[in-house]
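Working through the structure, step by step
What follows is the residue order along each chain.
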Amino acid sequence: MGDKSQSKKIMTAAGVPCVPGYHGQNQDPSFLEAEADKIKYPVLIKAIKGGGGKGMRIAHSKSEFQDQLQSAKSEAMNSFGDDHVLVEKYITTPRHIEVQVFADKHGNSVALGERDCSIQRRHQKILEESPAPHLPDATRKDLWEKARAAALAVGYEGAGTVEFIFDNDTGEFFFMEMNTRLQVEHPVTEMVTGQDLVYWQLKVAEGAKLPLTQEEVEAYMSTRGHAIEARIYAENPDQGFIPDSGTLLHVRTPTPSEDIRIDAGFVAGDEVSAHYDPMIAKLIVRGNTREEALRKLASALEEYEVAGPITNIEFLKTVCKSPDFVAGEVETGYIEKHREELFAREAIEPEVLAQAALACLHHDSAPVARKQASFEGSAVGFSPSYQSRQITFADQTPGAKDGSKFDVRVQQTGDNTFNVEVGGRTFEQVVSQNNPGSHVVTSFFPHTRLDTTVIRDGDSVIAFQRGTQYRLTIPRAKWMDKALGTKDVTNSVLAPMPCKVLRVEVQAGDVVEKDQPLVVIESMKMETVIRSPQKGTISKVVHKQGDQCKSGTPLVEFAEEGEEN
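Counting restarts for each chain, with residues numbered from 1 along the sequence as it is written. Where totals are concerned, whole chains, interfaces and linings use all residues; where local detail is concerned, this predicted model gives features only for residues with pLDDT of at least 70, and gives and counts side-chain atom pairs only at 80 or more. With hydrogens and water stripped out, all remaining heavy atoms of the structure feed into the side-chain values.

1. Focus on the confidence of the model for the protein chain
Low pLDDT marks stretches whose predicted atomic positions should not be read closely. For clarity, the threshold we go by: pLDDT runs from 0 to 100 and stands for how confident the predictor is about each residue. We call two residues in contact when some of their heavy atoms are within 4.5 Å.
Taken over all residues, the pLDDT of the protein chain has a mean of 89, while the share at 70 or more is 92%. Ignoring residues within four places in sequence, the model shows residues 368–382, a span with pLDDT below 50, making 24 contacts including any to other chains.

Right under this line is the structure:
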């Protein structure tokens, strides 16, 4: 069942419906294109040994088929050591629904409910839930039956996941593949069944019968409500969900409980490497209803703080509040369909900038304060005349408008008391203290109290306030960059992470359009196309195919205006 082509032949013979497509051995590019022409576009190109969204591409037309085929095969070879692909009809409004099955050597097979995994990016799941919303009960039971039939057809033993594509337009479903293992999202099923699936695996491996019958599983599920899992990734949603890497400077998780579970592989101080999958953790919640589970998920995500690499936590918060998602109107193209709504950005509140400035002042003056006095509540250590300070912040929050800068002026008026001016608005007599044992700045504004977590890392400032993360930087003066010998990369396209250059699509002198592919890189076993941010002329290709690049390294340089000729 690990071979996607062979498994489809077995399923067809067992009476399980499959998506129309070519699942044979002929891998000649021209032949595959001819098969795609027969199937009719759009088509899905998928590695037969694939998983995790790797080696998958959609060709929307004949003109792009060969490029997408090459990309899928290249990624498949790098990830699985096998570049064989299949070509299938791509259903335009699909849902991804999978069934958790278990079977033993005594001929027993059970379905432990289904999971809807339709919220995806890069063909990889980021939100999974059970039960699937708005699924007719007859269809649900039919899915379970077909999944059990799939397991029995191959004499399967142990844990498996039978994945289906559900057509939102027709209500039909088709077998996609079977994963012969526990999935990343198996905790969702554990939440709604009350079962430990790893324990089940061990019992089956010992030769024991399944712990429960199908009827007993369904009885448990009828009392357990709804569960949702959110995958926490080190990635930048605003740059096409490109993976990020680096040191985890600060990690604060929600408090685990019977209904809130966190499966994490990293803690503060760990390094998220560019060589592995960028998943940091999984957050799983349960509620008596889907609405209650969504409320718990939104609340838990607001408690989740990660400073260091950019994560998808803010994006997940936005999805959880998206009206169509709340209504259960899901499909695998949800993110692209709702792009304008999901990637909208709100202005930074003045209080956030004020808190960031106060935190910087507390941080900068801490050594002086310790010399002056050792008791809590001492002055933050300006001079006795309480001088004024001005700090400029640039907004580095993903999706923020480039070049957004904010000036904050702080005048100390007494021990731990300040007047703060932000963009023409003044907060007078703000009492502010920094907790020495944490990164939390507590300030009493005239209209409210704020507790803000602020992490300072060189010129970077990351703030968490009222459940939202803000990424700021303190820009260096140009004379400082010159003194440090910092290279001007204004006209360069930079490597977003440590990577290997797989292909270079341009050469010096080429005139390119905005969004035109420039370089294809590989990081964390994922291929990423680096596209042109503007229309212009390439003056230099800095790195060639096969080069290893550090994060921030220029890949391609543009000619400055007036230099094109």
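Next comes the rest of the account.
2. A short note on the packing of helix α4 (residues 137–153) against helix α7 (residues 214–221)
This is how it is decided: Angles run from 0 to 180 degrees between N-to-C directions of axes, and those axes are lines fitted to C-alpha atoms, restricted for helices to the stretch in contact. The secondary structure listing takes helices from DSSP runs of H or I that are at least 4 residues long and strands from runs of E that are at least 2 residues long, numbered from the N terminus. Here roughly perpendicular refers to angles of 65 to 115 degrees, roughly parallel to angles under 35, roughly antiparallel to angles over 145, and oblique to all remaining angles. Handedness of a crossing follows from how the near helix is turned relative to the far one, being left-handed for an anticlockwise turn of less than a right angle and right-handed for a clockwise one. Residue type decides the class: Asp, Glu, Lys and Arg count as charged, Ala, Val, Leu, Ile, Met, Phe, Trp, Tyr, Cys and Pro as nonpolar, and the leftover types, Gly among them, as polar.
Interaxial distance between α4 and α7 falls to 14 Å at its minimum, and their mutual angle equals 140 degrees. Considered as vectors, α4 and α7 are oriented oblique to each other. In the crossing of α4 with α7, the sense of the turn from one axis to the other is right-handed. Facing α4, whose interface residues are Lys141, Trp144 and Arg148, α7 presents Gln214, Glu218 and Met221. Here the residues of the contact of α4 with α7 are counted per class, giving two nonpolar, one polar and three charged.

3. Re the packing of aromatic side chains
Note the cut-off: Aromatic pairing here means that ring centres of Phe, Tyr or Trp (its six-membered ring) are within 6.5 Å. Orientation follows from the plane angle: under 30 degrees is stacked, over 60 is edge-to-face, and everything else is tilted. Counted as over-ring charges are cases with an Arg CZ or a Lys NZ within 6 Å of the ring centre that also lie within 35 degrees of the ring normal.
All chains considered together, the criterion is met by nine aromatic pairs. Among the aromatic side chains, those forming a connected cluster through ring pairs are Phe164, Phe173 and Phe175. Seen from the ring of tyrosine 233, arginine 121 lies directly overhead, with NZ or CZ sitting 4.4 Å from the centre. The ring of phenylalanine 325 has arginine 290 lying over it, and the distance from NZ or CZ to the ring centre is 5.0 Å.

4. A short note on unusual backbone geometry
Where we set the bar: Exposure categories follow from relative accessible area, calculated using a 1.4 Å probe and restricted to protein chains: below 20% of the type maximum is buried, above 50% is exposed, and the middle band is partly exposed.
A cis amide bond, omega 0 degrees, links tyrosine 41 with the succeeding residue proline 42. For proline 42, the location among the structural elements is in the loop between α2 (29–39) and β2 (43–51). Look at the link from serine 130 to proline 131: it is a cis peptide, with omega at 0 degrees. Among the structural elements, proline 131 can be located in the loop between β7 (124–130) and α4. Of note, arginine 122 is a non-glycine position whose phi angle comes to about 55 degrees, a positive value. Within the fold, arginine 122 resides in the loop between β6 (109–121) and β7. Judged by its relative accessible area of 22%, arginine 122 falls in the partly exposed class. The phi dihedral of histidine 123 falls on the positive side, at around 60 degrees, and the residue is not glycine. Positionally, histidine 123 belongs in the loop between β6 and β7.

5. A closer look at the sheet that holds strand β19 (residues 388–395)
Keep this limit in mind: DSSP bridges decide pairing: two strands pair if at least two such bridges lie between them.
The antiparallel closed barrel is built from eight strands, whose spatial order is β19-β20-β21-β22-β23-β24-β25-β26. Put simply, the sheet's adjacent strands are angled 35 degrees from each other on average, direction ignored. Relative to strand β22 (residues 425–434), strand β21 (residues 417–422) runs antiparallel, the two sharing five bridges. In the sheet register, valine 420 faces β22, and the bridge partner there is phenylalanine 427.

6. Notes on the sheet that holds strand β30 (residues 517–523)
Adjacent strands of a sheet form backbone hydrogen bonds with each other and so pair up, either parallel or antiparallel. Strand order in the open sheet formed by four strands is β31-β30-β28-β33, with antiparallel pairing between adjacent strands. Unpaired on one side and paired on the other, β31 (526–531) and β33 (548–549) mark the two borders of the sheet. In terms of strand pairing, strand β28 (residues 499–504) meets β33 through two bridges, oriented antiparallel. For lysine 500, the partnering residue across the bridge sits in β33 and is glutamine 548.

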